[in-house]
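In case you want the letters, here they are:
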Amino acid sequence: MTSHDGFETLAIHAGQEPDALTGAVVPPIYQVSTFKQDGVGGLRGGYEYARTANPTRTALEQCLAALEAAPAALAFASGLAAEDALLRTVCAPGDHVLVPDDAYGGTYRLFARVLAGWGLSHTVVSMSDLAAVKEQLAARPVRLVWVETPTNPLLSIADIRALAAAAHQAGALLVVDNTFASPYLQQPLTLGADAVVHSTTKYLGGHSDVIGGALALADAGLAEEVDYLRNATGGVPGPFDAWLTLRGIKTLAARMDRHCRNAMRVAQMLAEHPAVAEVFYPGLPTHPGHKTAQEQMRAFGGMVSFRLLAGEEAAVRTCGRTRLFTLGESLGGVESLIEHPARMTHASVAGSQLEVPGDLVRLSVGIEDCDDLLDDLRQALEG
Ligand SMILES: Cc1ncc(COP(=O)(O)O)c(C=O)c1O
């Protein structure tokens, strides 16, 4: 690959030269746990044991690094495994971190219920409120600032460049969970972030058939330290999962273009619908983060949330009435999904500062015929 290759070219080719032995045009699934050594310590291409490294996983990591404009990327068994490895490498017991007031429930659970017991304390702050973040950074030493943008499930937008500058001035690192945008829409490292987290389960995999996670790191030395922890604790993806994710990535750009187009039409329809109280989509000019999203994203993504005027029970009923939007957790696949965050993906944040409204419905807008999707939502809303 050359440095001027475009995103779509990198997605299809980076890390994926035809196989040297056979010419296979996609990386083979190296379904193997151990590699023959040519004499003790005589490794072929650096491979010895597949927890440490596996060629299919290497191909995925090289591709992810190219897509996030990073010197190094690491693949994990899940998004949460990636988050855990990063946090336990960068932070030590006694450290303090800033976490968003809207985020994936499992991420908050990791901070509040797992790493808190290990000695990592946190303050919850709205990452769209730069002044509030600066105030928290001035209040005590902070090791890192954790950001999602757009957030799950309320689609708020944080200004990555401004947050990176504020974090660095305070001696903290900026970590961006880029799952909702994908590297096609947004490259946080180019805006000053130090680390990018992905649940590759979502848009990168893209077909609801694999669980995975990844980190892209601006500092190759930090990547080596996280790699050490990953090898020492073992949260690696298997070769077939790495291969499925790579296969998904080849069509990421084409899928995202369609997700974004469909989601915009869905958001516009919902904004006009009499049963809907409020729509959350950064592509709408009325969204408070619209301008920042325009500056740092190529387009506005495939996720849309909305509140129902008639309240929580109406939201639950709507989730049960769709024909094409499948009721289920997760997001980012080609098929449309609908869910009730308060009782599903975000049940673990009930009672916390991250609690989500009961009348909220979240959509992962797929790449089906958009007229069919609009009809389906209208009939579900009108019952
Ligand atoms: C924004 C975000 N980050 C991280 C995760 C965790 O990823 P995984 O389920 O692959 O562990 C999720 C899962 O839904 C997510 O939505």
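Details of the structure are given in the entry above.
These lines cover the structure that appears in this document, whether it is placed above or below. From a predicted model like this one, the values you see are computed outputs, not experimental measurements. (Residues numbered from 1 in each chain as written. Predicted model: local features only at pLDDT ≥ 70, side-chain atom pairs only at ≥ 80, totals over all residues. Heavy atoms only, no water.)

## Overview of the overall build of the protein chain
Within the protein chain, the secondary structure is distributed over 13 helices and twelve strands. Against the globule reference of 21 Å for 383 residues, the protein chain gives a C-alpha radius of gyration of 21 Å, in line with a compact fold. If you line up the protein chain on its principal axes, its C-alpha atoms span 75 × 50 × 35 Å. In the protein chain, which comprises 383 residues, the proportion classed as buried is 55%. (Helix = DSSP H or I, 4+ residues; strand = E, 2+ residues; numbered from the N terminus. Rg over C-alpha atoms; globule rule 2.2 N^0.38 Å. Buried < 20%, exposed > 50% of the residue type's maximum accessible area, 1.4 Å probe, protein only.)

## A word on the packing of aromatic side chains
A full pass over the atoms with the stated rule returns four aromatic pairs. Between Phe-35 and Tyr-47, the aromatic rings sit 5.6 Å apart at their centres with planes inclined by 35 degrees, giving tilted as the arrangement. Of the two residues, Phe-35 is situated in the loop between α1 (7-13) and α2 (55-67) and Tyr-47 in the loop between α1 and α2; the sequence distance between them amounts to twelve residues. The burial state of Phe-35 is the same as that of Tyr-47; both residues are buried. Arg-230 extends its terminal NZ or CZ atom over the ring of Phe-76, reaching a point 5.5 Å from the ring centre. (Phe/Tyr/Trp six-rings, centres within 6.5 Å; stacked < 30°, edge-to-face > 60°. Lys NZ or Arg CZ within 6 Å of the ring centre and 35° of its normal.)

## Observations regarding the nonpolar core
Membership of the largest hydrophobic core comes to 61 residues, with the highest contact counts inside it found for Ile-249, Leu-270, Val-279, Val-304, Phe-306, Val-361 and Leu-363. The biggest single contributor to this core is helix α10 (residues 252-272), with nine residues. Setting aside chain neighbours within four positions, we find Val-304 in contact with Leu-155, Ala-263, Ala-267, Leu-270, Val-279, Phe-280, Tyr-281, Val-361, Arg-362, Leu-363 and Val-365. Counting residues in each nonpolar core, the second largest holds 31 residues, with Ala-72, Ala-103, Leu-110 and Leu-120 among its members. (Core = buried A, V, L, I, M, F, W, Y, C linked by side-chain atoms within 4.5 Å. Contact = heavy atoms within 4.5 Å.)

## Brief notes about the pairing of strand β4 (residues 144-148)
Extensive coverage of β4 is indicated by the burial of five of its five residues. The side-chain alternation of β4 yields two buried faces, one formed by Leu-144, Trp-146 and Glu-148 and the other by Val-145 and Val-147. Judged from the two bridges that link them, strand β2 (residues 96-100) and β4 form a sheet pairing that is parallel. Along β4, the bridge assignment pairs Leu-98 with Val-145. Taken together, the five bridges between β4 and strand β5 (residues 173-177) define a ladder with parallel strand orientation. (Pairing = 2+ DSSP bridges.)

## Quick look at the site of the ligand
Close to the ligand lie 13 residues, the nearest being Gly-79, Asp-177, Ser-199, Thr-201 and Lys-202. Note that an oxygen atom of the ligand is positioned 2.9 Å from one of the backbone N or O atoms of Leu-80. A distance of 2.8 Å is found between an oxygen atom of the ligand and a side-chain nitrogen or oxygen belonging to Ser-199. Burial of the ligand by the protein chains amounts to 91% of its free accessible area of 390 Å². The leading source of residues in the shell around the ligand is helix α3 (residues 79-90), at three residues. (Near = heavy atom within 4 Å. Polar contact = N/O pair within 3.5 Å; in protein donor to acceptor, adjacent residues only side chain to side chain. Areas by Shrake-Rupley, 256 points an atom, 1.4 Å probe, with all protein chains shown as cover.)

## Topic: the environment of Ala-223
The topology assignment puts Ala-223 in helix α8 (residues 220-233). A residue is classified by how much of its surface remains accessible, and Ala-223, at 4% relative accessible area, is buried. Linking Ala-223 and Tyr-203, residues 20 residues apart in sequence, is a C-alpha distance of 23 Å.

## Structural notes on the environment of Tyr-104
With respect to the helices and strands, Tyr-104 occurs in the loop between β2 and α4 (105-118). The exposure class of Tyr-104 is partly exposed, given its relative accessible area of 29%. As a C-alpha pair, Tyr-104 and Arg-230 span 126 residues in sequence and 22 Å in three-dimensional space.

## Examining the packing of helix α5 (residues 130-139) against helix α6 (residues 160-169)
Taken N-terminus to C-terminus, the directions of α5 and α6 make an angle of 15 degrees; their axes are 10 Å apart at the nearest point. As far as their axial angle goes, α6 and α5 are roughly parallel. Between α5 and α6 lies a crossing whose hand is right-handed. Residue-level contacts link Leu-130, Val-133, Lys-134 and Leu-137 of α5 to Ala-162, Leu-163, Ala-166 and Ala-167 of α6. In terms of residue class, the contact of α5 with α6 is built from seven nonpolar, no polar and one charged. (Axes fitted to C-alpha atoms, helices over the stretch in contact; angles between N-to-C directions. Parallel < 35°, antiparallel > 145°, perpendicular 65-115°, else oblique. Left-handed = near helix turned anticlockwise from the far one by under 90°. Nonpolar A, V, L, I, M, F, W, Y, C, P; charged D, E, K, R; others polar.)

## Comments concerning the sheet that holds strand β6 (residues 195-199)
Strand order in the open sheet formed by seven strands is β1-β7-β6-β5-β4-β2-β3, with mixed pairing between adjacent strands. Every interior strand has two partners, whereas the edge strands, β1 (72-76) and β3 (121-125), have only one. Pairwise comparison of adjacent strand axes, ignoring direction, gives a mean angle of 20 degrees for this sheet. On top of the sheet, α5 reaches β2, β3 and β4; it is set at about 155 degrees to β3, its chief contact. Sheet strands touched by α6: β4 and β5. Its angle to β5, the strand with the most contacts, is close to 150 degrees.

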